[in-house]
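Reading the structure
One-letter residues, chain by chain:
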Amino acid sequence: SFYYGTFPAGFLWGVGSSAYQTEGAWDKDGKGPSIWDAFTHKKGKVFRNETGDSACDGYYRVKDDIQLLKELRVNHYLLSISWPRIMPTGIKAEQLNEKGIQFYNDTINSLLESNITPIVSLYHWDLPQVLQEKYGGWQNKSMINYFNDYANLCFEKFGDRVKHWITFSNPWAVAENGYETGEHAPGLRLGGCGAYRAAHHIIKSHAKVWHSYNSTWRREQQGMVGISLTSGWGEPVDPHSQTDRDAAERYIHFHLGWFANPIYRGDYPEVMKNYVGRKSAQQGLGTSRLPTFSVQEKTYIKGTSDFLGIGHFTTRYVLQKNFPFLQVSGYHTDRDLAELVDPNWPAPGPKWLYSVPWGFRRLLNFIKTQYGNPLIYVTENGVSEPVQCTQLCDEGRIQYLKGYINEILKALNDGVNVKGYTAWSLLDKFEWNKGFSEKFGLYHIDFQNKDKPRYPKASVDYYKSIISANGFPNPREVENWHRRAMDTCSTTHQHLAADSLITHMEMVTEIVLPTVFTLCILICIVLLIFYLRNHT
């Protein structure tokens, strides 16, 4: 049932995006290549071979995009820093890029001048390509020190103004999609060890950065350092079946607990150690494919988070499924479970992202119980629509945001310590291996237009209303929001249609007419030659 009420005073409302997905300017002003630059430039890796080379042109549109944030009336903006933009090779001792540092200084200053708090992620997947080529990226423990050097440079250059730092955004995807399935950069398929090894080094890197901030910067800068973990909720298919309940909990431990457990409890989840260990033994391996932490490392890692960022998009039903003995096991078969969806769940966008709001409240309560009710900021939550048609009247997104934000309000009443919410995302942008085929933005971008103009969808007006009311005051007011949002998007659609017509006319003027003119000249020349030959 829907719960009408408001959030506590001081609750933070925001929106987010990431560097590679929006900035573009991939090789401009001294920026070095990232693993995503290298990955997308190989044919067959991304839908339609699209790249983020120019993306949303965010590098050149900072002022425009901050104006959108002001229109939304958000308290904060979650952005990421591109490591190779400020440190082209990823190695501090080799080279710093002052133009890149200045870009982020200007962005942070512009946000603060607009009374918008920057929440900054140090790593949203764009590792410097040099580190991948030289060392194998996150497969190599040398990344721990290189990442710490990079983080300390960011604290030095921006920490006087940035007070909320995220070390890694969704490291699960970095490890699993980057080093096991190969769906994401760097595109490696390293069998049953790659993802676990990458995650192990990421967790150690996170802890080292937290300790660096704690010992060197905290007293002076008074900021916070956390991590952003993305996880779905797993619900047992049969809640009366102990094996299904165990499988559902195992699903969450292999997803969220993989990273949260070491940080909050000092080690990997017991169930993860047991299952990967047993499968490794069945393969005849002398040691588990899941690495181990020493006693000193467990102590060092435990407690290294001032807040927990949570990304959440959807839910799955889970049941026990025993995978037969495989000579090459991996993350997905190690879990011994199967994922299902309810065909009646709404799916406003891609088929993986079903709208199941009640799963969010259960996930937040699980975190409260499992990890001692930590301070939580929701760092990513949103839904995409398919690219086939422009949907400025994004009814599906409005219902999604309404449902999921309402479940956070219920979780607050359960005693969960949530302090802020970040809608994902500000703009339609490059969606990794899906290219531009999924649109998560509150603002639509016309990528066919060289200027890439931004247009507000209906969800902008609706989300703005939630922010202004700090929740859902009463049924009549909430219904009025919906009506007003739909009226607004109809007007915007007319503007978009007119602008698109102008764009097509400009294309005709700039491309078609010169082409026709050139062809006419060529035909005249051919006819003239033919005439002269005959005359001769």
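Calculation criteria
Residues numbered from 1 in each chain as written. Predicted model: local features only at pLDDT ≥ 70, side-chain atom pairs only at ≥ 80, totals over all residues. Heavy atoms only, no water. UniProt positions renumbered as here; feature names shortened; annotations may be inferred. Patch = residues over 30% accessible without salt bridge, like charges linked within 9 Å, V, L, I, M, F, W, Y side chains within 5 Å. Areas by Shrake-Rupley, 256 points an atom, 1.4 Å probe, with all protein chains shown as cover. Salt bridge = Lys/Arg side-chain N within 4 Å of Asp/Glu carboxyl O. Helix = DSSP H or I, 4+ residues; strand = E, 2+ residues; numbered from the N terminus. Buried < 20%, exposed > 50% of the residue type's maximum accessible area, 1.4 Å probe, protein only. Disulfide = S-S within 2.5 Å. Pairing = 2+ DSSP bridges. Axes fitted to C-alpha atoms, helices over the stretch in contact; angles between N-to-C directions. Contact = heavy atoms within 4.5 Å. Core = buried A, V, L, I, M, F, W, Y, C linked by side-chain atoms within 4.5 Å.

- By the naming in an unreviewed UniProt entry, the chain is Cytosolic beta-glucosidase, taken from Scytalopus superciliaris.
- In the Sequence similarities (unreviewed entry) part of its UniProt record, the chain is described as follows: "Belongs to the glycosyl hydrolase 1 family. Klotho subfamily."

A short note on a nonpolar patch on the surface
- A cluster of nonpolar side chains, namely Phe517, Leu519, Ile521, Leu522, Ile523, Ile525, Leu527 and Ile529, defines an oily patch on the protein surface of about 780 Å² accessible area.
- Here isoleucine 521 lies in helix α17 (residues 475–535).
- Residue classification places isoleucine 521 among the partly exposed positions, given a relative accessible area of 39%.

Structural notes on the state of the cysteines
- Scanning the model with the defined rule gives 1 disulfide in all.
- Two residues share a disulfide in this structure: cysteine 393 and cysteine 489, whose sulfurs sit 1.9 Å from each other. Taking the sign of the S-S torsion, 100° for the link of cysteine 393 and cysteine 489, the bridge is right-handed. Of the two residues, cysteine 393 sits in the loop between β12 (385–386) and α15 (395–413) while cysteine 489 sits in helix α17, which places them 96 residues apart along the sequence.
- Assessed through its relative accessible area of 1%, cysteine 489 is described here as buried.

So, the sheet that holds strand β6 (residues 224–230)
- Spatially, β2-β3-β4-β5-β6-β8-β11-β13 is the arrangement adopted by the 8 strands of the closed barrel, whose pairing is parallel. Taken pair by pair, the neighbouring strands of this sheet meet at an average axis angle of 25°, ignoring direction.
- As judged from the 4 bridges shared by strand β11 (residues 376–381) and strand β13 (residues 418–424), these two strands associate in the parallel manner. Opposite tyrosine 377, over in β13, you have glycine 420 as the bridge partner.
- Sitting on the sheet, helix α10 (residues 242–265) touches β6 and β8 (308–311), and the angle it makes with β6 is about 155°.

Structural notes on the nonpolar core
- By size, the foremost hydrophobic cluster in this structure holds 144 residues, and its most contacted members are Trp83, Trp138, Trp165, Leu256, Trp258, Tyr421 and Tyr463.
- In contact with tyrosine 421, not counting residues within four places along its chain, are Phe11, Leu12, Trp13, Gly14, His76, Val378, Asn381, Leu401, Ile405, Ile408 and Tyr463.

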